[in-house]
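The chain contents come next:
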Amino acid sequence: MTLHVLHAGDGYEYLTKQVATADREREHGQDLTDYYTAHGTPPGVWFGAGLDNLEQMQAGIDPAAAAPIGRGGQVSEPQMKALFGSGLHPNASALIENSITKGANEKAALKAARLGRKFPEFSNDIELLREHKAAVGEFRTEHAHAPSKAQSQQIMDEVGTRLFTDGHGRPPEDQRELRSWISAQKSRVRQPVAGYDLVFTPPKSVSVMWALADDGTRREIERIHKETVTDALGWIETQACFTRTGNTSQEVQDTTGLVATLYDHYDSRAGDPNLHTHAVVSIKVCTESDGKWRALDGSILHRYGVPASQRYNATIMSKLHTELGFSLAARSTGHGRQDVVEIEQVPRELCEMFSSRRSQIETRRDQLVAEYRAEHGRMPSPKAMYSLYQQANLDTRAGKQEPQTLREMQNAWLTRSAQILGTPRDVDALAAGWQQVQRDHASGVREVGEHMRTLDPLDEEVERVLERLEDKRSNWAITHVHSAVDANFAAVAFTDDTARRAATAAVIDRVLATSVHMPLPELPEAPTVLRRRDGEFILTRPGTALHTSHSVLAAERSLLDAAQTPVAYIAPQAALDKVITAAAKGKDGRTLNAGQRELAEHFVGSGTLVAVGIGPAGTGKTTAMEAVADTWKKAGYQVIALAPSAVAAENLGEEIGVTAHTLATLTYPWRGKNGHEPRTLSDRIDIRPGAMLLVDEASLAATKDLAAITEIAAVKGAVVRLLGDPNQLDAVETGGA
């Protein structure tokens, strides 16, 4: 599941424009496959407990004028426009007319139909954007066509350079300063939030099977997908649907539930099979305590986004196994990234062929990363990498394909699959095999797939989950625990969904009981009126209580001790001065500012087992490390570059001229992971006495990995130098040490 902000105005039109325009409406409970002959997608349907409050607002109005708003009922475009475009009741027109008929004036009638406060309006009168728009218009007039993306960017650079120079009295120093200023100007744009688009997409093998299977199998997959979407949204509704009150919005209040619309789609922009559902959640929610309409607390919704996604993925795959009999297999997506669980009976080559949209995005992302690296002289931070991925998504986004019937799409998918498997008969044989799996399952045959495992005793499952948490972060909230448990059970063969839910609840309870609870602010005892349904004080934020483990605390203590443990290996100050002077006289004229010099002096002269240097991206940490590496090597010692990710390790090694490895190359064998005996040293790396183990992006490394590399250094007579930015986000393995 992905979560995107939906802005007020016409942000909803992406969904309503694709709805099938055949001369029939979607009946309650109608299947996607009933749309074989309709061009476009099925109309949206209503979802959420908050719909009852909307129904109450239109009580007494003729149903012919105000269509019922009930769960599963069809959504019309005027209703979407009223709710998401203007923040009004979906049947606002009927409500307003009814109020005026009863004697209210237009202003009062409009207010009565509005759900809480009106959406704010922002002028967004930003000179850069205004002049860029004008320049694009001139280009269009002169050339009789719109500029390409590259041409539009060139126009933006030209306009930006002129405005920057006017405002600063000088031109930008370089492209980096210009682009940074342009980005800051763009960030001033403000748009009101109308809701959130939660997109539930199963693993690719599910969509492939749905695309190529017989109608019966396809309907079963649709059923399981819809049930799982409903389950995930129901969980979000109970765990993350809150609003805020108080002078500073400090009080977190219960709501009556979500107001949402569900749109089923079945292909990607590239035309690949991609069964998915858009759950468009309105920002408007009704407060339980006083019945007033307020805004959904988006920060809590975002906090629960990842566990909701994990819940959806785990549930749909488990149901495909327990209800239809298909085997599951975890497929690696690379170190530091969670495995993806797919249906084992779907050939991997078909999944890859039907993932062309992802391939387009990743190819463009790699191009943007290369451009970023050439411009900035370093790899993008995880936050910048996410922005580049988003940009790649936009750059490669073509318009949606011309509407086709589902049957037309299916025929095209069958043809493409035959090219991969050999002949159309091979595709038919594959689908027949899927039918046989279901028949065997229905007759009582219960087989555990080769890549699946059975449920182990509770203590073993808890240990696995704790290890998963400790490898990813130094502390965790309940949301992280939910995600870790669902990921742990991804390829477990349960007998049914009830057994999976029982095991999940048991492990979550035991993990929380085993964890060390981090201190919370002391708050006075709250009366019942100031408590939410779950008994919590309204001044507390759901899902923010943090926990850790004794193992993580021990690893942190060992790192603190190592930072004060003296060693015999240092490089003289004079040696560093000599390297810095030589670099300044070189063809690049590389010099160090005061901060860079202080960092270099600390790394070569601290005389401790562990030394740490921190600083935001772009502050010249790598430049300082070049001086550190040169000085250390000239002193006769070895420098080994390490980083949590292969890309970061390679980048550091190239920039300072040493051999580089991932941190896991050393720490995983030492920690006994991936089948190694504990305290095993990799035979790929020879660590000599006095070696400097230089770890870049250390803030992205697991605390236990940092403790392990420190243990290795102590055993081998080496030193550890940790470099990073503690404010980096989306870590490979967020340690926090």
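A quick note: this is a predicted structure, and the numbers were derived from the prediction, not measured.

Colleague: How would you summarise the overall build of the protein if you had to cite specific residues and measurements?
Modeller: Within the protein, the secondary structure is distributed over 27 helices and 18 strands. Out of the 737 residues in the protein, the part that is buried amounts to 48%. Expressed as a percentage of contacts within the protein between residues at least 6 apart in sequence, the contacts between residues at least 24 apart total 73%. Of the roughly 34800 Å² that the protein leaves accessible, carbon and sulfur atoms contribute 50%.

Colleague: Talk me through the packing of helix α26 (residues 663–671) against helix α27 (residues 703–716); I want residue IDs and the actual numbers.
Modeller: Look at α26 against α27: their axes get within 9 Å of each other, and the N-to-C directions meet at 85°. Classed by the angle they form, the pair α26 and α27 counts as roughly perpendicular. Together, L663, L666, T667, Y668, W670 and R671 of α26 and K704, D705, L706, A708, I709, E711, I712 and V715 of α27 make up the contact between the two elements. Here the residues of the contact of α26 with α27 sort into nine nonpolar, one polar and four charged.

Colleague: Tell me about the side chain of R218, and name the residues and values.
Modeller: Inspection of the secondary structure assignment puts R218 in helix α10 (residues 215–239). Classification of R218 as buried rests on a relative accessible area of 2%. Side-chain polar atoms of R218 contact the side chain of D215, separated by 2.8 Å.

Colleague: Give me helix α16 (residues 406–421): which residues, what numbers.
Modeller: Structural remark: α-helix, 3.6 residues per turn; residues separated by three or four positions point the same way. An ideal rise of 1.5 Å per residue puts 22 Å on 16 residues; α16 measures up with 22 Å between its terminal C-alpha atoms. Among all positions in α16, only L406, M409, Q410, W413, S417 and A418 are buried. Tucked into the core, α16 has its buried residues touching α9 (204–212), α10, β6 (260–267), β7 (273–282), α13 (348–353) and α17 (424–442). Of the residues one or two after α16, G422 is the one with positive phi, at around 130°.

Colleague: So what about the sheet that holds β6? Which residues, and what values?
Modeller: Pairing is antiparallel in the open sheet, where five strands are placed in the order β1-β3-β7-β6-β2. The strands lining the two open edges of the sheet, one partner per strand, are β1 (2–7) and β2 (45–47). Put simply, the sheet's adjacent strands are angled 30° from each other on average, direction ignored. Bridge count between β2 and β6: three bridges; the pairing is antiparallel. Looking at the pairing, W46 lines up with T261 of β6. Against the sheet, helix α3 (residues 77–86) touches β1, β2, β3 (193–200), β6 and β7, its axis set at about 55° to β7.

Colleague: Talk me through the sheet that holds strand β17 (residues 692–695); I want residue IDs and the actual numbers.
Modeller: What the five strands build is an open sheet, ordered β14-β18-β17-β15-β16; its pairing is parallel. The open sheet is flanked by β14 (610–614) and β16 (660–662), the only strands paired with a single partner. Between one strand axis and the next, the sheet turns by 25° as a mean value, whatever way the strands run. Summarising the sheet, β17 and strand β18 (residues 719–724) pair through four bridges and their orientation is parallel. What sits directly across from M692, in β18, is V719. Contacts from helix α24 (residues 621–634) reach β14, β15 (639–643), β17 and β18, with the element oriented near 165° to β18.

Colleague: Tell me about the pattern of salt bridges, and name the residues and values.
Modeller: If charged atoms from side chains of opposite charge come close, those side chains can pair. If you walk through the whole model with that rule in mind, you get 37 salt bridges. One salt bridge in this structure joins R416 and D272, with 3.1 Å as the shortest N-O distance. With R416 in helix α16 and D272 in the loop between β6 and β7, this residue pair connects regions lying 144 residues apart in the sequence. The shortest N-O distance in the salt bridge between R501 and D497 comes to 2.9 Å. Here R501 pairs with D497, and both are found in helix α20 (residues 497–514), just four residues apart, close to one helical turn. Look at the salt bridges and you will find they share partners, linking D231, R311, D486, D497, R500 and R501 into a network.

Colleague: Account for the packing of helix α22 (residues 573–585) against helix α23 (residues 594–605), with residues named and values stated.
Modeller: A pair of packed helices is captured by two measures, namely the crossing angle of their axes and the spacing between those axes. With their axes 10 Å apart at the nearest point, α22 and α23 run at an angle of 140° to one another. Looking at the two axes, α22 sits oblique to α23. Here α22 and α23 pass one another in a crossing that is right-handed. The segment α22 lies against α23, with Q573, L576, D577 and I580 engaging R597, A600, E601 and V604. Each residue belonging to the contact of α22 with α23 can be placed in one class, and the counts come to four nonpolar, one polar and three charged.

Colleague: Give a description of the packing of aromatic side chains that names residues and reports values.
Modeller: On inspection of all chains with the given rule, the structure shows eight aromatic pairs. Pairing F489 with F494 gives two aromatic rings, centres 5.3 Å apart and planes at 90°, and the pair type is edge-to-face. Residue F489 is classed as buried on the basis of its relative accessible area of 4%. Classification of F494 as buried rests on a relative accessible area of 6%. Considering the side-chain rings of Y569 and Y637, the 5.5 Å spacing of their centres and the 85° angle between planes classify their relative orientation as edge-to-face. Of this pair, Y569 sits in the loop between α21 (550–562) and α22 while Y637 sits in the loop between α24 and β15, placing them 68 residues apart in sequence. Note on Y569: relative accessible area 23%, which makes it partly exposed.

Colleague: Go over the pairing of strand β5 (residues 251–254), please, and point to the residues and values.
Modeller: The side chains of a regular strand alternate between the sheet's two faces. Bridge count between strand β4 (residues 242–245) and β5: four bridges; the pairing is antiparallel. Bridged to F242 within β5 is D254.

Colleague: So what's going on with the side chain of R500? Residues and values would help.
Modeller: As for its placement among the helices and strands, R500 is situated in helix α20. With relative accessibility at 5%, the residue R500 sits in the buried group. A polar contact is formed between the side chain of R500 and the side chain of D497, at a distance of 3.1 Å.

Colleague: How would you explain the nonpolar core if you had to name every residue and give the values?
Modeller: Among the nonpolar cores identified, the biggest contains 79 residues, and L198, F200, L233, I236, L320 and W434 are the most heavily contacted of them. Here this core takes seven residues from α10, the largest share from any one element. In contact with I236, other than residues within four places in its own chain, are M1, L198, C241, L301 and A308. Core analysis: the next-biggest nonpolar cluster, separate from the first, contains 25 residues, A611, V639, A641 and L652 among them.

Colleague: Account for the confidence of the model for the protein, naming residues and giving values.
Modeller: Predicted coordinates in areas of low pLDDT are best not read in detail. Per-residue pLDDT for the protein averages 89, and the proportion of residues at 70 or more is 90%. Long-range and interchain partners of residues 20–28, a stretch whose pLDDT sits below 50, account for 24 contacts in this model, where long-range means more than four residues apart.

Colleague: Run through the environment of S249, naming residues and quoting values.
Modeller: Mapping S249 onto the fold places it in the loop between β4 and β5. Taking the C-alpha atoms as reference points, S249 and L539, separated by 290 residues in sequence, lie 9.6 Å from one another.

Colleague: Before we move on, can you summarise helix α4 (residues 92–101) with the specific residues and values?
Modeller: Taken together, the buried positions of α4 are occupied by A92, A94, L95, I96 and S99. Where α4 is buried, its residues touch α2 (51–57), α3 and α5 (106–113). In the segment just after α4, G103 is the residue with positive phi, at about 110°.

About the criteria used
Residues numbered from 1 in each chain as written. Predicted model: local features only at pLDDT ≥ 70, side-chain atom pairs only at ≥ 80, totals over all residues. Heavy atoms only, no water. Helix = DSSP H or I, 4+ residues; strand = E, 2+ residues; numbered from the N terminus. Buried < 20%, exposed > 50% of the residue type's maximum accessible area, 1.4 Å probe, protein only. Contact = heavy atoms within 4.5 Å. Areas by Shrake-Rupley, 256 points an atom, 1.4 Å probe, with all protein chains shown as cover. Axes fitted to C-alpha atoms, helices over the stretch in contact; angles between N-to-C directions. Parallel < 35°, antiparallel > 145°, perpendicular 65-115°, else oblique. Nonpolar A, V, L, I, M, F, W, Y, C, P; charged D, E, K, R; others polar. Polar contact = N/O pair within 3.5 Å; in protein donor to acceptor, adjacent residues only side chain to side chain. Expected span 1.5 Å × (residues − 1). Pairing = 2+ DSSP bridges. Salt bridge = Lys/Arg side-chain N within 4 Å of Asp/Glu carboxyl O. Left-handed = near helix turned anticlockwise from the far one by under 90°. Phe/Tyr/Trp six-rings, centres within 6.5 Å; stacked < 30°, edge-to-face > 60°. Core = buried A, V, L, I, M, F, W, Y, C linked by side-chain atoms within 4.5 Å. pLDDT = per-residue confidence, 0-100.

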